[in-house]
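Chains, contacts and geometry: an overview
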Amino acid sequence: MKKLALVTGAKGGIGSAITEKLVQDDYRVIATHFTGGAECAKEWFDEKGFNQDQVLLFELDVTDTEQCATRIAELLREEGTVDVLVNNAGITRDSVFKKMDAAQWHDVINTNLNSLFNVTQPLFAAMCEKGGGRIINISSVNGQKGQFGQANYAAAKAGMMGFSKSLAAEGARAGVTVNVVAPGYTATPMVTAMREEVLESITNQIPMKRLAKPEEIAASVAYLASDAGAYITGETLSVNGGLYMQ
Ligand SMILES: NC(=O)c1ccc[n+]([C@@H]2O[C@H](COP(=O)([O-])OP(=O)(O)OC[C@H]3O[C@@H](n4cnc5c(N)ncnc54)[C@H](OP(=O)(O)O)[C@@H]3O)[C@@H](O)[C@H]2O)c1
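We now turn to the structure provided with this report. Remember, predicted model here, so these are calculated numbers, not experimental data.

1. A few points about the overall build of the chain
When you go through the chain residue by residue, the secondary structure sums to nine helices and seven strands. Over its C-alpha atoms the chain spans a radius of gyration of 17 Å, differing by no more than 12% from the 18 Å that the globule rule assigns to 246 residues. A sequence separation of at least 24 residues applies to 73% of the contacts in the chain between residues at least 6 apart. Counting every atom, the chain has about 11,900 Å² of accessible surface; 52% of that belongs to carbon and sulfur. Within the chain, one finds 22 positive and 28 negative side-chain charges whose respective centroids are separated by 6 Å.

Here it is, written out as structure tokens:
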């Protein structure tokens, strides 16, 4: 029987690459989607050439605590325990702090950090009871180093690391590992939508002089999910071309 993985924000740039890699590695992936509803998700599913045995589309607003609790409980009843959870959904609402409004702050904290409670809480106990599981949280280099205009985003992404270390301690005895992958700038719509001169100045600051490929982030996630990663927990794996070295 295939192992079950749940990836939030699966049809985004990095989420798509993670889903494709986990499908390649023979997982059945619960691919959560949000904007555009079922039709938009089906288009993505068809475009990627997935079949029902590989990917199950699952509509979920990761900011909605009640919806997550109800929908994920249903999912567990229908599909069984989730072996691998990838908390990947995320947004940016950049602004210098002086001009940042409360909505920009709360939207980012809700989507990027409170989502970790909403999605992980209904799954964690079942993983512990089963005696194993992998939780991989997608943070960011900007959560490690901070970034001008991203006080909201950096706060949420740094929060993910404290969360992950704490949950790693709680899950270790049951064989549930909790880790973070911290991508640097990655070639997805979130980044390629930037103005050309901004993108060029970012690329110039990266020692490898290029953006990450989404597949390079997905490979790290797959490693942490694999048997080879069984003894790694509470760690942050930076995938940033040398942009920030801890
Ligand atoms: N790209 C980068 O350079 C970079 C660097 C470091 C870290 N990251 C992180 O990597 C993750 C993926 O980023 P990406 O570049 O792939 O961005 P993306 O293409 O914009 O994908 C983000 C995904 O998040 C989902 N999402 C947003 N709000 C949601 C909500 N309320 N409920 C459920 N899902 C929601 C979206 O789902 P729908 O499309 O279904 O609405 C979207 O697919 C994010 O956490 C981001 O912060 C990205």
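2. Here we look at the packing of helix α3 (residues 65–79) against helix α4 (residues 102–130)
How two helices pack is summed up by the angle between their axes together with the distance between the axes. Two elements in contact, α3 and α4, have axes whose closest approach is 8 Å; the angle formed by their N-to-C orientations is 35 degrees. Handedness of the crossing formed by α3 with α4: right-handed. Across the interface between the two elements, Thr65, Cys68, Ala69, Ile72 and Leu76 from α3 touch Phe117, Asn118, Val119, Pro122, Leu123 and Ala126 from α4.

3. What to know about the site of the ligand
In the region of the ligand, 29 residues are neighbours, and Ile14, Phe34, Thr35, Tyr153 and Thr188 sit closest. In isolation the ligand has 880 Å² of accessible area, and contact with the protein removes 91% of it. Only α1 (13–24), α6 (151–171) and α7 (189–192) provide two or more residues apiece to the shell around the ligand. Of the residues belonging to the shell around the ligand, the class tally is twelve nonpolar, 14 polar and three charged.

4. What to know about the packing of aromatic side chains
Tallied over the full model, the rule gives two aromatic pairs. With centroids separated by 6.2 Å and ring planes inclined at 65 degrees, the aromatic side chains of Phe45 and Phe50 adopt a geometry described as edge-to-face. Judged on exposure class, the residue Phe45 and its partner Phe50 are both buried. Through a chain of ring-to-ring contacts, three or more aromatic side chains come together here, namely Trp44, Phe45 and Phe50. When the ring centre of Phe58 is taken as reference, the NZ or CZ atom of Arg71 above it lies at 4.2 Å.

5. What to know about the pairing of strand β1 (residues 3–7)
Burial analysis of β1 places four of its five residues in the buried class, the great majority of the element. With five bridges connecting them, β1 and strand β2 (residues 27–33) associate as parallel partners. Among the inter-strand pairings, Ala5 is bridged to a residue of β2, identified as Val29. Each parallel crossover has a hand, and for β1 linked through α1 to β2 it is right-handed.

6. A short note on helix α2 (residues 37–48)
Helix length check: α2 (twelve residues) gives 17 Å between terminal C-alpha atoms against 16 Å at 1.5 Å per residue, within 8%. Backbone geometry just after α2 places Gly49 at a positive phi near 75 degrees.

Thresholds applied
Residues numbered from 1 in each chain as written. Predicted model: local features only at pLDDT ≥ 70, side-chain atom pairs only at ≥ 80, totals over all residues. Heavy atoms only, no water. Helix = DSSP H or I, 4+ residues; strand = E, 2+ residues; numbered from the N terminus. Rg over C-alpha atoms; globule rule 2.2 N^0.38 Å. Contact = heavy atoms within 4.5 Å. Areas by Shrake-Rupley, 256 points an atom, 1.4 Å probe, with all protein chains shown as cover. Lys, Arg positive; Asp, Glu negative; His and termini not counted. Charge placed at Lys NZ, Arg CZ, Asp CG, Glu CD. Axes fitted to C-alpha atoms, helices over the stretch in contact; angles between N-to-C directions. Left-handed = near helix turned anticlockwise from the far one by under 90°. Near = heavy atom within 4 Å. Nonpolar A, V, L, I, M, F, W, Y, C, P; charged D, E, K, R; others polar. Phe/Tyr/Trp six-rings, centres within 6.5 Å; stacked < 30°, edge-to-face > 60°. Buried < 20%, exposed > 50% of the residue type's maximum accessible area, 1.4 Å probe, protein only. Lys NZ or Arg CZ within 6 Å of the ring centre and 35° of its normal. Pairing = 2+ DSSP bridges. Right-handed = clockwise from strand over helix to strand, strands pointing away. Expected span 1.5 Å × (residues − 1).

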